[in-house]
Protein chains: 2
Amino acid sequence: MALVLYHAWKSSASRRVRLFLEEKGLAYEGHEIDLTRQEQHSPAYLAINPLGVVPTLVHDGRPLHESGTVCEYLEAMFPDPPLCPAAPYDLALMRNWVRYVDGEIGHLIRFNWRYSIAERATAMSDAELEAALQRIPSAERREAWLRAARRPYDAAELDQSRQALVRMLDRMEAMLEGGWLIGDRYSLADIAAVPFVRRIGEEIAPEALEPAARPRVADWWAAVTARPAYTRARLDPFVAAD
Amino acid sequence: MALVLYHAWKSSASRRVRLFLEEKGLAYEGHEIDLTRQEQHSPAYLAINPLGVVPTLVHDGRPLHESGTVCEYLEAMFPDPPLCPAAPYDLALMRNWVRYVDGEIGHLIRFNWRYSIAERATAMSDAELEAALQRIPSAERREAWLRAARRPYDAAELDQSRQALVRMLDRMEAMLEGGWLIGDRYSLADIAAVPFVRRIGEEIAPEALEPAARPRVADWWAAVTARPAYTRARLDPFVAAD
């Protein structure tokens, strides 16, 4: 198949690309990468993604990583329906928003990895952990693995991250005057935020999504989750596709 | 004037945008922001750039920050001469390269701020320093200021950063088979790297730019610095424009 996606079901960047592909109505062959088994750090995977992170899109045999880059590439190759603003200034604002969201991933990981990575990493011997760490290209991700394995983030650190993620919701509330984050239609700006808001609502700060707290964000979230592509993207593997 | 640039002469991101503007042949009104006097953290500047960093481009009254975003915006508004690859896949590779380069800025700052920011910051009282830190939006930049002021990076830390920056040159050597970093002409991929290579050659690891060490990078650097736009961009204020 022309489009192949190496992804993990619950990774935010993977969810972003699946949402984008489904909005475009593009069929693709999916390959799950098991992060808890460190499949993303295998030599075979590193050959197509030197950063050792998910997802990777392979289109006509050529690999591409970084979910924001992947989505903009898909936009250029498959323009309909448009999922990026047409006006250059709005497009620039969209890119800076995606960049900001990407920069918050460390805060999300502090929560997410408490269950997934930590379960495996805490069971490792020191020698096994050292071997696992040596296979991780990114210093930032090595640190996150080490913390998940041996020194879980404490309440103060988690609270700091929670506050940073709630600030993202505050920024969204201010941006959502017209219903969508940038311009007058659903775009990559919205899609980039969806996996974050999902996790905030599931566990990190559910009360922050209440209509009384942030009415525009609550309306936006209702509109997002009502989209057929949201269901088809299967943010969790156990949610049946329609 | 339609294009206004708020910039600092020696900031890498500012240099990137000046290089891009000069390659495009675009006239602009420049305003110097004095980083050592923390002008980038003034309320007036934060109103157009909430990150409190340079540069900011203002086009027809609308501000835009992030040098990569600014350059891609200029590319869309002023397409000739083209400075981004036309093919979507090459464009995607270019974006990931710019993203990688941006991610190395902390390593450059460890060296650069030893002279500029440190000179002012070390002279501050604890109360003055605390007040200065409170005006810095980015946690990462706050940390860099604090280090410059009170606990300069030691030899081991500088060496770690030097190694990271030399690895960038190694990646470039591998990419430069065709003379330019992405595709067959000078592009934002090259321009993004220029301020980094300049600093590496000036102070951080001059020997790494020797033709014997990295022949393609050495040839590339000679070709870059021979471009009229390189001189016109005035990477330092005391270099006369031609």
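Residues numbered from 1 in each chain as written. Chains lettered and ligands numbered in written order. Predicted model: local features only at pLDDT ≥ 70, side-chain atom pairs only at ≥ 80, totals over all residues. Heavy atoms only, no water.

Student: Quick question: what am I supposed to make of the domain arrangement of chain A here?
Tutor: Where the parts come together, the accessible area they lose is often given as the size of the interface. Residue and element names in this part refer to chain A. Here the domain parsing of chain A yields domain 1 (3-77) and domain 2 (88-227). Domain 1 and domain 2 are separated by 18 Å when their C-alpha centres are compared. Each partner contributes to the interface: domain 1 provides 21 residues, whereas domain 2 provides 27 residues. The three residues of domain 1 that bury the most area against domain 2 are Arg 16, Thr 36 and Gln 38, which together make up 30% of that side's buried surface. Seen at the junction of domain 1 and domain 2, the total is 3 salt bridges. One salt bridge in this structure joins Arg 95 and Glu 72, with 2.8 Å as the shortest N-O distance. (Domains from an automatic or database assignment. Contact = heavy atoms within 4.5 Å. Buried area = accessible area lost by both parts, 1.4 Å probe. Salt bridge = Lys/Arg side-chain N within 4 Å of Asp/Glu carboxyl O.)

Student: Explain the pairing of strand β2 (residues 29-32) of chain A here, please?
Tutor: Along a regular strand, successive side chains alternate from one face of the sheet to the other. All names here are of chain A. The sheet contact formed by strand β1 (residues 3-7) and β2 spans 4 bridges and is parallel. Bridge pairing in β2 links His 7 to Glu 32. Once the chain exits β1 it traverses helix α1 (residues 12-24) before rejoining the sheet at β2, and the crossover so formed is right-handed. (Pairing = 2+ DSSP bridges. Helix = DSSP H or I, 4+ residues; strand = E, 2+ residues; numbered from the N terminus. Right-handed = clockwise from strand over helix to strand, strands pointing away.)

Student: Looking at this structure, I do not really get unusual backbone geometry. What am I missing?
Tutor: Generally, phi is negative for residues other than glycine and the peptide bonds are trans, each holding for most cases. The omega angle of the peptide bond from Val 54 of chain A to Pro 55 of chain A is 0°, so this bond is cis rather than trans. Positioned with a positive phi, Arg 234 of chain A is a non-glycine residue whose angle comes to about 45°. Here Arg 234 of chain A shows up in the segment after α12 (228-232). Although it is not a glycine, Asp 60 of chain B adopts a positive phi angle of roughly 50°.

Student: What should I look at first to understand the interface of chain A and chain B in this one?
Tutor: Between chain A and chain B, the contact holds 18 residues from the first and 18 residues from the second. Summing the contributions of chain A and of chain B, the shared interface buries around 1,800 Å²; its carbon and sulfur component is 59%. Together, Tyr 89, Asn 96 and Arg 99 of chain A form the three largest contributors to the area buried by chain A at its contact with chain B, with a combined 33%. If you look at where chain A meets chain B, you find 6 salt bridges.

Student: When you look at the pattern of salt bridges in this model, what are you seeing that I'm missing?
Tutor: Where side chains of opposite charge bring their charged atoms close, a pairing between them can arise. Residue and element names in this part refer to chain A. Applying the stated rule across the entire model yields 33 salt bridges over all chains. Across the pair Arg 227 and Glu 23 runs a salt bridge, and its minimum N-O distance is 2.8 Å. Residue Arg 227 is found in the loop between α11 (215-225) and α12, and its partner Glu 23 is found in helix α1; the two are separated by 204 residues along the sequence. Here the salt bridges do not stand alone but share partners, grouping Lys 10, Arg 15, Arg 198, Arg 199, Glu 202, Glu 203 and Asp 236 into one network.

Student: Would you mind showing me how to read the relation of the copies chain A and chain B here?
Tutor: Each of the two chain copies can be generated from the other by rotation about an axis followed by a shift along it. Once turned by 180° and shifted 0.0 Å along the axis, chain A lies on chain B with an RMSD of 0.0 Å. Such a combination of turn and shift is consistent with a two-fold rotation axis. In terms of C-alpha distance to the rotation axis, chain A has Arg 99 of chain A as its closest residue, with the C-alpha 4.8 Å off the axis. (Least-squares fit on C-alpha atoms with pLDDT ≥ 70 in both.)

Student: What exactly am I supposed to notice about the packing of helix α9 (residues 155-175) of chain B against helix α11 (residues 215-225) of chain B here?
Tutor: Angle between the axes and distance between the axes: these two values describe a pair of packed helices. Residue and element names in this part refer to chain B. Direction vectors running N to C along α9 and α11 enclose 85°, while the axes themselves pass 8 Å from each other. If you check the angle between α9 and α11, you find them roughly perpendicular. Here Leu 169, Met 172, Glu 173 and Ala 174 of α9 lie close against α11, whose contacting residues are Pro 215, Arg 216, Val 217 and Trp 220. Here the contact of α9 with α11 is composed, by residue class, of 6 nonpolar, no polar and 2 charged. (Axes fitted to C-alpha atoms, helices over the stretch in contact; angles between N-to-C directions. Parallel < 35°, antiparallel > 145°, perpendicular 65-115°, else oblique. Nonpolar A, V, L, I, M, F, W, Y, C, P; charged D, E, K, R; others polar.)

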